[in-house]
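Descriptive structure summary
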Amino acid sequence: MSAAITIGTMIGRRLLQRRVAGVLVLLASAPALVLAITAEGAQPEGFHRWMLFLYYALGLPILALVTATAALGDERHSHTLPYLTTKPVPRWSIAAAGWGAAVAVSTMIGAIGVGSAWAVTLVRTGDSSVAWPALVGTIITVVGYAAVFVPLGLLAKQATLIGLGFVLIWEGVIASAGRTLAVASLWRTGLSGHVALAGVVPTDLVESLGNLTPGAGGALAKAGALAVASLALTTWLLRKRDLVKE
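This section reports on the structure supplied with the text. Keep in mind it's a predicted model, so treat the numbers as computed, not measured.

**So, the overall build of the chain**
Each helix and strand in the chain was counted, giving 12 helices and 0 strands. Helices (α) and strands (β) of the chain occur, in sequence order from the N terminus, as α-α-α-α-α-α-α-α-α-α-α-α. Taking 246 residues into account, the globule formula puts the C-alpha radius of gyration at 18 Å, and the chain, at 18 Å, falls close to it. Taken along its principal axes, the extent of the C-alpha atoms in the chain is 60 × 35 × 30 Å. Taken over 246 residues, the chain has a buried fraction of 48%. Considering only intrachain contacts with a sequence separation of at least 6, the fraction spanning at least 24 residues in the chain is 77%. A total of about 10900 Å² of accessible surface is found on the chain, and carbon and sulfur atoms cover 70% of it. Between the centroid of the 17 positive side chains of the chain and the centroid of its 10 negative side chains there is a distance of 14 Å.

See the structure below:
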């Protein structure tokens, strides 16, 4: 476990030091910028609505995608992964380190976005209850995306473009058009936890869930199952000699 923490800390620092990290912070903070110019008194409802359109459907998937694909993908494609795999470190530790770093960094950046939007709402209306459902939804969402995109980063050099196609085409178009496909949408899974914990939310948030029933427990369980499967897959991939040598 100490090896996983050490490697995860190293990967997390690298992810935060990239130039794109600042862009991701601005992307996650887009709801706060919109809320700052929203009419007085509309922030509590506007918080949930703009978090849906600018955060869950756009900003959070992109920041989680960019972070998760780079967690172990950059190590492989910059040829530093062999230095980790040739040491007496279990492959599952490396897999857990990459996944954990992706979740931690994505959550940290997402929390900046949630916190800034909450701060605007608090100052303008005094409502302090809107933040924690969004934080729970953020964690659920980034766990799901990390589960999918960390191993994808190991498999493909163009993992970010492939993932962007998944987010924009599958989740943005296909899952939106067919309500029964919403269950396969990772950001909608996180949003279902947000909606369940927030209580009264705008109708369009509930409608965007499609056939998903609001519920934080079920969403966490789904994300957790994806994480376990992802760790198993990533560990298996790290044991393939061709991935280590390329």
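Right, picking up where we left off after that structure.
**Notes on the packing of aromatic side chains**
A full pass over the atoms with the stated rule returns 3 aromatic pairs. When the ring of Tyr145 is compared with that of Phe149, the centres are 5.7 Å apart and the planes differ by 10°; the resulting orientation is stacked. Placement of the pair is Tyr145 and Phe149 together in helix 7 (residues 131–155), with a separation of 4 residues, close to one helical turn. On the numbers, 6.1 Å between centres and 80° between planes, the contact of Phe149 with Phe166 is edge-to-face. Pair noted here: Phe149 is in helix 7 and Phe166 is in helix 8 (residues 159–177), with a separation of 17 residues, a long-range link. Following the ring pairs from residue to residue traces out a cluster consisting of Tyr145, Phe149 and Phe166.

**Focus: the side chain of Thr138**
Along the chain, Thr138 falls in helix 7. Excluding its chain neighbours within four sequence positions, the residues that come into contact with Thr138 are Tyr55, Tyr56, Leu60, Thr107, Gly110 and Val114.

**A closer look at the nonpolar core**
Residues Met51, Tyr56 and Leu191 are the most contacted members of the largest nonpolar core, which totals 65 residues. Take this core: its biggest share by element is 15 residues, from helix 4 (residues 43–77). Not counting the four nearest positions on each side in its chain, Met51 is found in contact with Pro31, Gly46, Tyr56, Val114, Ala117 and Ala134.

**Things to note about the packing of helix 6 (residues 91–125) against helix 7**
Where helix 6 meets helix 7, the closest approach of the two axes is 9 Å, and the angle between their N-to-C directions is 150°. In terms of orientation, helix 6 and helix 7 fall into the roughly antiparallel class. Like other packed secondary-structure pairs, helix 6 and helix 7 cross with a definite hand, here right-handed. The segment helix 6 lies against helix 7, with Gly98, Trp99, Ala102, Val103, Ser106, Thr107, Gly110, Ala111, Val114 and Trp118 engaging Ala131, Ala134, Leu135, Thr138, Ile139, Val142, Val143, Ala146, Ala147 and Val150. Its residues assigned to classes, the contact of helix 6 with helix 7 comprises 15 nonpolar, 5 polar and no charged.

**Considering the packing of helix 7 against helix 9 (residues 186–198)**
Running from N to C, helix 7 and helix 9 cross one another at 160°; their axes reach a closest spacing of 8 Å. Of the possible angle classes, the one that applies to helix 7 and helix 9 is roughly antiparallel. Between helix 7 and helix 9 the crossing geometry is right-handed. Each of Trp132, Pro133, Ala134, Val136, Gly137, Ile140, Thr141, Gly144, Tyr145 and Val148 in helix 7 lies in contact with helix 9, whose residues at this interface are Leu186, Trp187, Thr189, Gly190, Leu191, Gly193, His194, Leu197 and Ala198. When the residues that make up the contact of helix 7 with helix 9 are grouped by side-chain class, the tally is 12 nonpolar, 7 polar and no charged.

What counts and what doesn't
Residues numbered from 1 in each chain as written. Predicted model: local features only at pLDDT ≥ 70, side-chain atom pairs only at ≥ 80, totals over all residues. Heavy atoms only, no water. Helix = DSSP H or I, 4+ residues; strand = E, 2+ residues; numbered from the N terminus. Rg over C-alpha atoms; globule rule 2.2 N^0.38 Å. Buried < 20%, exposed > 50% of the residue type's maximum accessible area, 1.4 Å probe, protein only. Contact = heavy atoms within 4.5 Å. Areas by Shrake-Rupley, 256 points an atom, 1.4 Å probe, with all protein chains shown as cover. Lys, Arg positive; Asp, Glu negative; His and termini not counted. Charge placed at Lys NZ, Arg CZ, Asp CG, Glu CD. Phe/Tyr/Trp six-rings, centres within 6.5 Å; stacked < 30°, edge-to-face > 60°. Core = buried A, V, L, I, M, F, W, Y, C linked by side-chain atoms within 4.5 Å. Axes fitted to C-alpha atoms, helices over the stretch in contact; angles between N-to-C directions. Parallel < 35°, antiparallel > 145°, perpendicular 65-115°, else oblique. Left-handed = near helix turned anticlockwise from the far one by under 90°. Nonpolar A, V, L, I, M, F, W, Y, C, P; charged D, E, K, R; others polar.

Remember that the coordinates give geometry; whether it matters functionally is a separate question.
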